[in-house]
Structures are given as C-alpha cells and as structure tokens.
Amino acid sequence: MTLPDDLRSRVHDLFPALRADLEVLVRIPSVSAPAFDQAHVASSAEAVAELLRGAGLDEVQILTSGESRPAVVARRAAPAGAPTVLLYAHHDVQPPGDAASWATDPFVPTERDGRLYGRGAADDKAGIVAHLGALRALGDNLAVGVTVFVEGEEEIGSPYFGEFLAEHAELLRADVIVVADSSNWKVGVPGLTTSLRGLVDCEVELSVLSHAVHSGMFGGPVLDAITLLSRLISTLHDDAGDVAVAGLAHAPDPTVDYDEADFRADSGLLDGVQLAGTGPISSRLWTKPALSVIGFDAPTVELSSNTIAPKATAKLSLRIAAGQDPEAALEALRTHLLDHAPLGAKVVVRDGELGKPFQAPADSAAMRAARAAFEQAWGVPPVDIGIGGSIPFIADLLEVFPDAAILVTGVEDPDSRAHGADESVHLGELEKVVLAEALLLDGLAQG
C-alpha cells in the first residue's frame, strides 16, 4: 500500500512531464472520421504506444480487427491473487470544425488561465495521460494487474468494437474496467458517472417534387421540401420543449440538480434564451430523452436559386434514458416521422447508429474504492452524476465481461467544450484525476 501523501507528492513532481506528453498527443490531428487523413490516427497510436512502453508495462501492441482504426493494448500481469484492471481511453478525436471558431489553432496546445486548449486535450487524450500518470506514480508499487486499452475510433461510434472484443477478449479480460472518458461535477468537485444515455440517430429525407421548379411559376400550391421538413421537425417537441415522440422512456429524476445559472454559463446559452423542457435540469440532461437536429442538407444561401427545393434531408440525434431499448426507440421515432408527414410529403427514414444506455449498480466494492480515492484526491466526496452523452461500447464490454465492475470516471469539467471549438482541460483538475486513479489502483489492490 502506498501512502496518499507520498502519491500526491509523486504525482505533483511528475505532472510537468505528463503535461508535455499531453501536448505532444494534442499536436497529432488524429481525426478518425473517414474524410480525414488516417495516417495521423496511425501516428497517434504509435505515439501512445511509445509512452506506454516507458511506463513499465511488459507488453505493448498496436492492434486492429477487420477494418478498425489502430488501438493500443499494453499489459502488466497481476501478482498472485491480485485483480486485473482494464484502463480504457481513446486517442482519436473529433474533427476540429471551423478553425475561425477557435481562439487558437486546434492542434497547437495553448495554455490560458490554467486550462490547456486543443482538440483532444480533454476528450480523450487527457484520459490517456490519466492512465499514464497513475502508472508512473505507482511504479514498482503497482500491486494489481493492468491492461491499458486505448481505442482509435470512439469518435466515429466504435464500429468495430464488438469485433475487436471478440478477437482479443482474453487479452482484455479484467475484474475491474475504468473508462476515463466522462466528466466531473465541476472544477473542485469530482464526479462518478452512474448513468449514461443511449444513442439513436437517423436521417429523415422529405421529398415533394421529382425535380426543382420555378418558385414563381409553381409557388403557392406547392410548398418546398425545406418548409415541410421544418414543419415535420417541429412536431418532435411540444410547446414546452419536451420530446413529443410516443414510446420513449424516462428514468427516475436524479438526486442532485444542476444550478440554472451554472448551466447557462457552462453551456454558453445566450441571454434571454429560455431553457427547454420541464422538470429538474439534471433530469433533462441525464434521465429524459433529448432530440436534436445535428445536420441539414438543402441548397445553401450562397448557391440558392429561385426554385422550389424538391428534397431536403435532416440528421437527427436522439439520446435515450437508461432502461430504454435503442431499437424500440428508433422504431418509435420512425413511426412518429412517418405518421406526421405534412401534406402527404414522401418521407424516408434511414437508420443510423444505435447505442445502449448504461446504469451502474448503486453500490459495489469498486465504487466504494473509487469514492474513497476521489475524496482523498479532491478533499471532498464525489457526486454521483449522470451524463447526457453516450458511450455505447460499455454495453459491449458488459456483454463480453459480464462479471467485471465498470467505473466511468471523469477527465473533463462542464467548461471543457468537448467536440466543440476551444476544447480544453483544466490542468489543476487533471493532476487530481491522475492522483485519484493512482489511489484507486492502490485501493483495488487492497480488496
């Protein structure tokens, strides 16, 4: 057993080098989306593997399955009688989006006011650094077996995750799985993620004409596809902003709530814009369904002409509550869209990604160890939180390793802006995350 004060001092001394390692990783534009150069994802995997080789792990491999992006798997066998812990993170990142929306280059790590900015600085290269730092801090005092699994395609929905697990199950088998890809309650207060919403997405295409026609010659009796698709989309929510699709489940309200002023500041909501939906803000974020239009194909303003658009397409992203079956949710959404087609317009729904929600057990030995470690690291007890986002592969992990305890831990905070412009990680919080994970691994060794 390593004393907490010894680990705190060790992590503090190691942190400048860990930050430098994070900066190296952020500089690699490892966007896994197909439209981007996948050579950068390969380079990122190589960089992660090199870091793990220097962290005292005996076996480091870069692996694929089928057409998957490269993942890194590094192992150190468990001492006799000790558990094995799987430490998960991912090295791929979201596309940067419009560079003009960033205050600085998204792939040039930049510190401002104690935060490190850059694509992947929080999601999820900080998770890699958390694992790396915990292993370095414990060194030869590491008393559990460890497998580090750094995936390369989480940001495109982990399409080969199930295949990868099936092929490498024995390599990844563990008693406890730590997924470092979530958020904390706020700066200064840790969180343990106990629920995640599931994900359903689809495309809805609406057509009214076989071809575009002159808006003056035919306008009036014929409404354009953009107007009609907008009318269809408007049926997805009621006047209060709650999702109005029949058949979608709600989970019980959380025991904590999100202060409205904090939420407005964290989300960047403009002054005067009202919050949508009813019930506690935390329930609207974690335990109720949420439905967003995340893409829209139609003529652009710049290239528009005086014609009636014959067709328009929207991409919908539906987050579903714990306990909801994603296939049933997709069928409910499809039924709603087809039943509400305006003025007899032709509506086609194309299926997209499905991801199951996650609900952690209320209590377990691993959860107790995590709560103790987090309280030691931050000096305050963690808050049990839900996350509105989805990590669909957790269901795959539970299917292959049904007896494993899964802990979802946070490297982000509400201002990290993961997936958005000016993504960042709070450096002081990241140091606490590293310490908490080192304490957790030490605590799991004690049973």
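Each residue is numbered by its place in its chain's sequence as written, counting from 1. Only residues with pLDDT of at least 70 are given local features in this predicted model, and only at 80 or more are side-chain atom pairs given and counted; all residues enter the totals for whole chains, interfaces and linings. The side-chain quantities take in all heavy atoms of the structure and omit both hydrogens and water.

**A closer look at the domain arrangement of the chain**
Here is step 1 of the chain: For every domain, the bounds stem from an assignment made automatically or drawn from a database. One can read the domain layout of the chain as domain 1 (4–196 + 357–445) and domain 2 (198–270 + 279–355).
Here is step 2 of the chain: Summarising the inter-unit geometry, the C-alpha centres of domain 1 and domain 2 are found 32 Å apart.
Here is step 3 of the chain: Across the contact, 17 residues belong to domain 1 and 16 residues belong to domain 2.
Here is step 4 of the chain: When the two sides are added together, the surface that domain 1 and domain 2 hide from each other amounts to roughly 1,300 Å², 59% of it contributed by carbon and sulfur.
Here is step 5 of the chain: Per-residue buried area on domain 1 facing domain 2 is highest for Trp-185, Pro-357 and Ser-390; these three make up 39% of the total on that side.
Here is step 6 of the chain: Salt bridges, as used here, are contacts in which a Lys or Arg side-chain nitrogen is within 4 Å of a carboxyl oxygen on Asp or Glu. Between domain 1 and domain 2 we count zero salt bridges in total.
Here is step 7 of the chain: Between N or O atoms, a polar contact is any pair within 3.5 Å; within protein, one atom must be a potential hydrogen donor and the other a potential acceptor, and residues adjacent in sequence are included only when both atoms are from side chains. Joining domain 1 to domain 2, the criterion identifies three residue pairs in polar contact (both at pLDDT 80 or more).
Here is step 8 of the chain: A run of H or I in DSSP becomes a helix once it reaches four residues, and a run of E becomes a strand once it reaches two; helices and strands are each numbered from the N terminus. When contributions to the side of domain 1 that touches domain 2 are tallied by element, the ones reaching two or more residues are strand E15 (358–359) and strand E16 (383–387). Contact criterion: two residues are considered in contact whenever any of their non-hydrogen atoms come within 4.5 Å of each other. A 1.4 Å probe defines the accessible area here, and the buried area is the portion of it lost by two parts on being joined, summed over both.

**With respect to the layout of surface pockets**
Here is step 1 of the chain: Approximately 330 Å³ is the volume attributed to the second largest pocket.
Here is step 2 of the chain: What lines the second largest pocket is a set of 19 residues, and nearest its centre among them are Thr-194, Ser-195, Pro-254, Thr-255 and Gln-359.
Here is step 3 of the chain: Breaking the lining of the second largest pocket down by element, the ones donating at least two residues are strand E8 (191–196) and E16.
Here is step 4 of the chain: Examining the composition of the lining of the second largest pocket, we find that three residues originate from one element, E16, more than from any other.
Here is step 5 of the chain: Shared between two domains, the lining of the second largest pocket holds at least three residues of each, these being domain 1 (4–196 + 357–445) and domain 2 (198–270 + 279–355). Of the two site types, the cavity is a set of points on a 1 Å grid over the protein atoms alone where a 1.4 Å probe fits but cannot get out, and the pocket is an open set with protein on both sides within 12 Å along at least five of seven lines, each lined by residues with an atom within 4 Å of a point. Grid points are joined across faces, edges and corners, and a volume is the space filled by probe spheres set on the points.

**With respect to a negative patch on the surface**
Here is step 1 of the chain: Taken together, Asp-253, Asp-257, Asp-259 and Asp-262 make up a surface patch of like negative charges.
Here is step 2 of the chain: Structurally, Asp-259 is set in the loop between helix H7 (225–234) and helix H8 (260–267).
Here is step 3 of the chain: Buried, partly exposed and exposed residues are distinguished by accessible area as a fraction of the type maximum, computed with a 1.4 Å probe on protein chains only: under 20%, between the cut-offs, and over 50%, respectively. Here Asp-259 falls in the partly exposed class, since its relative accessible area comes to 42%. Patch membership requires over 30% relative accessible area and the absence of a salt bridge. Like charges are linked within 9 Å, and nonpolar side chains (Val, Leu, Ile, Met, Phe, Trp, Tyr) within 5 Å. Using a 1.4 Å probe, accessible areas were evaluated by the Shrake-Rupley method; residue-level cover was limited to the displayed protein chains. A residue counts as positive if it is Lys or Arg and as negative if it is Asp or Glu; His and the chain ends are not included. To locate a charge, take atom NZ for lysine, CZ for arginine, CG for aspartate or CD for glutamate.

**Regarding the sheet that holds strand E18 (residues 424–426)**
Here is step 1 of the chain: Strands were regarded as paired on the criterion that DSSP finds at least two bridges between them. Read from one edge to the other, the open sheet built from three strands follows the order E4-E5-E18, with strand pairing classed as antiparallel. Two strands close off the open sheet at either side, each with one partner strand: strand E4 (110–112) and E18. The average angle at which neighbouring strand axes cross in this sheet is 25°, direction not considered.
Here is step 2 of the chain: As paired elements, E4 and strand E5 (residues 115–117) share three bridges and run antiparallel to each other. The partner of Thr-110 across the bridge, within E5, is Tyr-117.
Here is step 3 of the chain: To obtain each axis, a line is fitted to C-alpha atoms, and for helices this fit is confined to the stretch in contact; angles are then taken between N-to-C directions over 0 to 180 degrees. Sheet strands touched by helix H13 (residues 427–445): E4, E5 and E18. Its angle to E18, the strand with the most contacts, is close to 65°.

**Details of the pattern of salt bridges**
Here is step 1 of the chain: This structure, assessed with the given rule, holds 20 salt bridges.
Here is step 2 of the chain: Residues Lys-311 and Glu-205 are paired through a salt bridge, measuring 4.0 Å at the closest nitrogen-oxygen approach. Residue Lys-311 is found in strand E13 (residues 311–320), and its partner Glu-205 is found in strand E9 (residues 198–207); the two are separated by 106 residues along the sequence.
Here is step 3 of the chain: On the basis of relative accessibility, which here comes to 45%, the residue Lys-311 falls in the partly exposed class.
Here is step 4 of the chain: According to the relative accessible area criterion, Glu-205 is buried, its value standing at 15%.
Here is step 5 of the chain: Salt bridges sharing common partners tie together Glu-203, Glu-205, Lys-311 and Arg-350.

**So, the packing of helix H1 (residues 4–26) against helix H3 (residues 125–138)**
Here is step 1 of the chain: Put simply, H1 and H3 touch, their axes get as near as 9 Å, and they point 145° apart. The chirality of how H1 crosses H3 is right-handed. Counted together, Leu-7, Arg-10, Val-11, Leu-14, Ala-17, Leu-18, Asp-21, Leu-22, Leu-25 and Val-26 of H1 and Lys-125, Ala-126, Ile-128, Val-129, Leu-132, Gly-133, Arg-136, Ala-137 and Leu-138 of H3 form the full contact between these two elements. Working rule for handedness: look at the near helix, and if it is turned counterclockwise from the far one by less than a right angle, call the crossing left-handed; if clockwise, right-handed.

**Section: the packing of aromatic side chains**
Here is step 1 of the chain: Here is the rule: rings of Phe, Tyr and Trp (six-membered ring for Trp) pair when centre to centre is within 6.5 Å. Planes less than 30 degrees apart are stacked, more than 60 are edge-to-face, and the remainder are tilted. One pass over the structure, following the stated rule, counts nine aromatic pairs.
Here is step 2 of the chain: With a centroid separation of 5.3 Å and 5° between ring planes, the pair formed by Phe-149 and Phe-164 is classed as stacked. Residue Phe-149 is found in strand E6 (residues 145–151), and its partner Phe-164 is found in helix H4 (residues 161–167); the two are separated by 15 residues along the sequence.
Here is step 3 of the chain: Under the relative-accessibility criterion, Phe-149 is labelled buried at 1%.
Here is step 4 of the chain: Looking at Phe-164, the relative accessible area reads 5%, which means it is buried.
Here is step 5 of the chain: Judged by centre distance (5.9 Å) and plane angle (50°), the ring pair of Trp-185 and Tyr-258 falls under tilted. Note that Trp-185 is positioned in the loop between strand E7 (176–183) and E8 and Tyr-258 in the loop between H7 and H8, a separation of 73 residues in sequence.
Here is step 6 of the chain: Judged by its relative accessible area of 17%, Trp-185 falls in the buried class.
Here is step 7 of the chain: Here the guanidinium or amino end of Arg-112 rests over the ring plane of Tyr-117, the centre of that ring lying 3.8 Å away. A ring has a charge above it when a Lys NZ or an Arg CZ is no more than 6 Å from the ring centre and no more than 35 degrees off the ring normal.

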